[in-house]
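# Working through the structure, step by step
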Amino acid sequence: VPILTNIGCLATCASPAGQDDIGVIHDAAVAWRDGIITWVGPADRVPDEHAAGPVWNAGARLVTPGLVDCHTHLAFGGWRAGEFTSRISGASYAEIARRGGGIARTVRDTRALDERALADRAAAFAAGMVELGITAIECKSGYGLDVETELRLLRAYRRVADETRARIVPTFLGAHVVPAEYRDDREAYIGLLVEELLPRVRAEELAEFCDVFVEEGAFTPDEARTILGAARALGLGVKLHVDQLTDGGGAALAAELGATSADHLEHVSPAGIEALASAGVVAVTLPLATLYLDQDPPPARDLIEAGVAVAVATDFNPGTAPSYHLPLALLLACTRQRMTPSEALKGATRFAARALGREASWGAIEPGKAADLAVIDAPDVDQWLYHHRPNACVAVVAAGRVVWRMDRLGPAQPS
Ligand code: NIG
Ligand code: FE
């Protein structure tokens, strides 16, 4: 029975309600067996049966649930730094896409890589993410846009799941944009998704969710209804990229389709917020994408006040969010989305797990949940996100095993 003790501040996130309720216990300890948490409480009250195993000392630091990045496009070929500099010079994301750059550029670079190469790149990113305290990653396809490459991306994620310490939740995003070769026959591409790709994804059990990018230049709400209706009939969960560049009524659509999450939402309308609240859809905000596209942030305060659970994720991808630094995204959620550090943490743990249908097992520190923990060199959550560092995480436990420790722990940051 391993135990982690001398935790200065334990943010349990044990309550399913309340964006800012992170369930702090001071001077705490956590015990687990076979990867599952068995006991949580004050360090001076550890029951005898938990006092016998290996003891890890958190050095009076902050311990949070392993962070959950509930929205990434982890596997892709190439990069797009040239578009980054073009946007700085004034080109818009939509213009670049119309010129054949953007997603289409990455599709060309992704089709050129085999499964092994895609998995190696994604696994390297995943390893970097684990060092930041992330123990679970949602991973979308969507840079293949043909039968072979979409399946290859999802099979690459299966390898990443087997070969890294991170837990992986794969999502099928064949409906990212219509690929160039179907530009004049959108219906044929949607037919390919519904009649060929989705059944194969289902038969090989390659994805848990199906996602659609609803936007001008991507898919219409009606097309999303067709694709996601088929996905649902096969037993996949529903996610949507919506209201990112324009208000396309995407939030209401997510509510109508019973989506698990609606993601982006920079342009969500007040009616859309109400729809998300009454349908219990998680709003996934992506502050790094907002930052890189220099947009106004989504109305996180209005969402929270309406009773919507707000998650925060990276959206890691080569176009709109070329960074997998989830703690940086949390800092931006604080300053740009006016979320408190506690609210941001809840959005990258319990509510992120909810956005993946995994709230019963991940995202909180309580008996019965997975022993996924991040040890952070800060006395509390406010100080952690306020004093931003390249990496404040000093150790990570995943499924009960210490999977990463900073080489030189060094002294704690001055308090
Ligand atoms: O989540 N919005 C659509 N898809 C991605 C960006 C993809 C890309 O530019 O490569 C996103 O922002
Ligand atoms: Fe995305």
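The notes below deal with the structure included here. Quick caveat: nothing in here was measured; it's all calculated off a predicted structure.

This next bit is on unusual backbone geometry. Comment: phi is negative for the bulk of residues other than glycine, and the bulk of peptide bonds are trans. Positive phi, normally seen in glycine, also occurs at Leu 145, with a value near 55 degrees. Assignment of secondary structure puts Leu 145 in the loop between β7 (134-140) and α5 (147-163). Among the residues examined, Leu 145 registers a relative accessible area of 1% and is labelled buried. A positive phi angle, near 50 degrees, is found at Asp 294, a position not held by glycine. Turning to its location among the elements, Asp 294 is positioned in the loop between α10 (287-292) and α11 (300-305).

This part is about the sheet that holds strand β12 (residues 282-285). With respect to topology, eight strands assemble into an open sheet ordered β6-β7-β8-β9-β10-β11-β12-β13, the strand pairing being parallel. Only two strands of the sheet have a single neighbouring strand rather than two, namely β6 (67-69) and β13 (310-312). If you compare each strand with its neighbour and ignore which way they point, the axes differ by 25 degrees on average. Of the pairings in the sheet, the one linking strand β11 (residues 261-264) to β12 comprises three bridges and is parallel in character. The residue of β12 that forms the bridge with Ser 261 is Val 282. Sitting on the sheet, α5 touches β7 and β8 (167-175), and the angle it makes with β8 is about 175 degrees.

Glancing now at the packing of helix α4 (residues 115-131) against α5. Two elements in contact, α4 and α5, have axes whose closest approach is 8 Å; the angle formed by their N-to-C orientations is 50 degrees. The angle between α4 and α5 places the two elements in the oblique class. Here α4 runs over α5; the crossing is right-handed. Of the residues in α5, those touching α4 at Glu 115, Arg 116, Leu 118, Ala 119, Ala 122, Ala 123 and Ala 126 are Arg 152, Leu 153, Arg 155, Ala 156, Arg 159, Val 160 and Glu 163.

Okay, the site of ligand 1 next. Taken together, 15 residues form the shell around ligand 1, and within it Arg 80, Tyr 93, Tyr 143, Gln 244 and Thr 320 come nearest. Between ligand 1 and the protein, one listed contact pairs an oxygen atom with a side-chain N or O atom of Arg 80 at 2.7 Å. Between a nitrogen atom of ligand 1 and a side-chain N or O atom of His 176, the distance comes to 2.8 Å. Contact with the protein chains hides 100% of the accessible area of ligand 1, taken as 320 Å² for the molecule alone. The residue inventory of the shell around ligand 1, partitioned by class, reads four nonpolar, nine polar and two charged.

Further remarks concern the pairing of strand β2 (residues 24-33). Taken together, the six bridges between strand β1 (residues 3-11) and β2 define a ladder with antiparallel strand orientation. By the bridge assignment, Leu 10 is partnered in β2 with Ile 25. With six bridges joining them, β2 and strand β3 (residues 36-42) adopt antiparallel strand pairing. Bridge pairing links Ala 31 to Trp 39 in β3. Taking the residues that link successive antiparallel strands as the turn, the β2-β3 hairpin has two residues, and the phi of Asp 34 there is positive, at about 50 degrees.

So, how was this worked out
Residues numbered from 1 in each chain as written. Chains lettered and ligands numbered in written order. Predicted model: local features only at pLDDT ≥ 70, side-chain atom pairs only at ≥ 80, totals over all residues. Heavy atoms only, no water. Helix = DSSP H or I, 4+ residues; strand = E, 2+ residues; numbered from the N terminus. Buried < 20%, exposed > 50% of the residue type's maximum accessible area, 1.4 Å probe, protein only. Pairing = 2+ DSSP bridges. Axes fitted to C-alpha atoms, helices over the stretch in contact; angles between N-to-C directions. Contact = heavy atoms within 4.5 Å. Parallel < 35°, antiparallel > 145°, perpendicular 65-115°, else oblique. Left-handed = near helix turned anticlockwise from the far one by under 90°. Near = heavy atom within 4 Å. Polar contact = N/O pair within 3.5 Å; in protein donor to acceptor, adjacent residues only side chain to side chain. Areas by Shrake-Rupley, 256 points an atom, 1.4 Å probe, with all protein chains shown as cover. Nonpolar A, V, L, I, M, F, W, Y, C, P; charged D, E, K, R; others polar.

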